[in-house]
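The primary structure of each chain is shown beneath.
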Amino acid sequence: MFENLINGQWVPADKSTTNRNPANPDDVIGTYATATKNDVDRAIAAASEAADGWAHSSPQFRADLLDAVGTRILDRKEEIGRLLAREEGKTLVEAIGETTRAGHLFKFFAGEALRFSGDLVPSVRPGVDVEVTREPLGVVGLITPWNFPIAIPAWKIAPALAYGNTVVFKPADLTPGCAHVIATLLHDCGCPPGVLNLVMGPGSLIGPMLAESPDVTVISFTGSEGIGAGPAETCGRTRKKLQLEMGGKNPMVVLDDADLDVAVGACLNGAFYSTGQRCTASSRLIVQSGIYDAFVDKLITQMKALRLGDPLDPTTQIGPVASEKQLRNNLGYVDLARQEDAEVVGGTPLDRPGFFQTPALFLNATNSMRSSQEEIFGPCASVIKVDDLEEAIMTANATKFGLSSGICTNNLAAMRAFKRRSQAGMVMVNLPTAGVDYHVPFGGRKGSSFGSREQGRYAVEFYSAVKTTYIGEG
């Protein structure tokens, strides 16, 4: 059994969950301990006890620790990537790419540990100096999703530790394997007891405990909008600092002047790669009328040619959906799109072991349909026809979400107008809406995100507190 890590010790459990391959449920990846309330209490207490020592530890030690973890992840990227592909279902090339990104994230924040800077500014009063510094917050509760089981934990854990916080880490129930790898590497590289604690188990137990605990200073949550409402309510009541990333219904606008091959390639990638299980996926394709027919014909041809299969097969382009529950959800939305009078192309389950469905397009869709407004989190995309750029921008913004948006065009004025008016945290031009760099901010607006940005140097805004000190001559 793979055990929880509490106060530097691997802790067994009476209960466990079995982790299975969504491409082949007979393939058991491992048995993972289920944390109890007592385990979570002990993890929080350990992180609280370790917080002061870690906050005042040498930034060089923190940098060396994170750099060592990053190096080990990169050295083992094929092995870890294979585990990720078996556990989550994305293709091996995507899984290795995600693992590589996790290694780079640890190395980036190793450098940031040494750049934890402030300001010395003159006071408006004579004989007074003013220092503006940043300090750690204390114990950070981290709750991560299943769709990026090593990259998202990395982009939360690495900055939390770099800036001197201690961590209680709760990974998704579906993907404990990659989380256990990160915890093991930190432990093996010399992370002090209590600084990083791993508690695997049901979110319904662990999430509220982290949010309610007076010893947990901040919560960072990535997951669905519905579940995110829980920590939002609790942290508002307890006045706890909060960061939420909760998904999107991301638009990709295709204008008449777009390069057809570029547009189809961007939409194919954005909508269907990683089996559509990306919060930045292109789930609304907003296409100008002049290019609509040619775009749809070419996209359908290339969509039908995508190779579905075992994610470990190097020829596979689309793997399984992550779980049977998610597959049922996706197929429910395919049925809903038909009921809403969209023309559905694809979207059928495969008669084979595992949780497979063919990618789906909802043609002749309108932006008001539920299938065009609600996040499906699968390989499904609505195709919406518009007359001009103005209608495209209005349609793109007509959603409660605001994570990522994109436009395919060769018109500089149109690109500038869309970039300026798009109500999204990230804008892509002639690129898929999914796919971001690790050294720049990640996050959205409206119902997609709450709180400070993740990744890059902007992560310091969430994982630290600002202190202003006035020093007189005495």
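For clarity, every value in this text was computed on a predicted model and none was experimentally measured.

Rules used in this analysis
- Residues numbered from 1 in each chain as written.
- Predicted model: local features only at pLDDT ≥ 70, side-chain atom pairs only at ≥ 80, totals over all residues.
- Heavy atoms only, no water.
- Helix = DSSP H or I, 4+ residues; strand = E, 2+ residues; numbered from the N terminus.
- Buried < 20%, exposed > 50% of the residue type's maximum accessible area, 1.4 Å probe, protein only.
- Polar contact = N/O pair within 3.5 Å; in protein donor to acceptor, adjacent residues only side chain to side chain.
- Contact = heavy atoms within 4.5 Å.
- Salt bridge = Lys/Arg side-chain N within 4 Å of Asp/Glu carboxyl O.
- Pairing = 2+ DSSP bridges.
- Expected span 1.5 Å × (residues − 1).
- Axes fitted to C-alpha atoms, helices over the stretch in contact; angles between N-to-C directions.

A. Examining the side chain of Gln277 more closely. Along the polypeptide, Gln277 turns up in the loop between α9 (260-272) and β13 (282-288). For Gln277, a relative accessible area of 1% translates into the label buried. Side chain to side chain, Gln277 and Glu88 meet in a polar contact 3.4 Å long. In this structure, Gln277 is in contact with Glu88, Trp146, Asn147, Phe148, Pro320, Val321, Ala322, Gln326 and Phe377, ignoring residues within four places of it in sequence.

B. Representation of the pattern of salt bridges. Inspection of every chain in the model, using the stated rule, returns 20 salt bridges. Across the pair Glu112 and Arg115 runs a salt bridge, and its minimum N-O distance is 2.7 Å. By relative accessible area, Arg115 is classed as partly exposed at 39%. It is possible to trace a salt-bridge network through shared partners that takes in Glu112, Arg115 and Arg457.

C. Quick look at the pairing of strand β11 (residues 241-245). Counting buried residues along β11, four of its five residues qualify, which places the element largely inside the surrounding structure. Pairing geometry for strand β10 (residues 218-222) and β11, over five bridges, is parallel. When the bridges of β11 are listed, Ile219 appears paired with Leu242. For β11 and strand β21 (residues 449-450), the ladder comprises two bridges, and the chain directions are antiparallel. Paired with Glu245 across the two strands is Ser449, which belongs to β21.

D. Spatial organisation of helix α4 (residues 92-113). An ideal rise of 1.5 Å per residue puts 32 Å on 22 residues; α4 measures up with 32 Å between its terminal C-alpha atoms. Where burial is concerned, most of α4 is hidden: 16 out of the 22 residues are buried.

E. A look at the side chain of Thr395. Inspection of the secondary structure puts Thr395 in helix α13 (residues 389-397). Aside from chain neighbours lying at most four places away, what touches Thr395 is Arg284, Ile286, Asn367, Ile384 and Val386.

F. Here's a closer look at the sheet that holds strand β5 (residues 119-122). Strand order in the open sheet formed by three strands is β5-β6-β22, with antiparallel pairing between adjacent strands. Each edge of the open sheet is held by one strand with a lone partner, namely β5 and β22 (465-472). On average, adjacent strands in this sheet sit at an angle of 20° to one another, irrespective of strand direction. With four bridges connecting them, β5 and strand β6 (residues 128-135) associate as antiparallel partners. The residue of β6 that forms the bridge with Pro122 is Asp129.

Take it as geometry only, folks, not as evidence of what the structure does.
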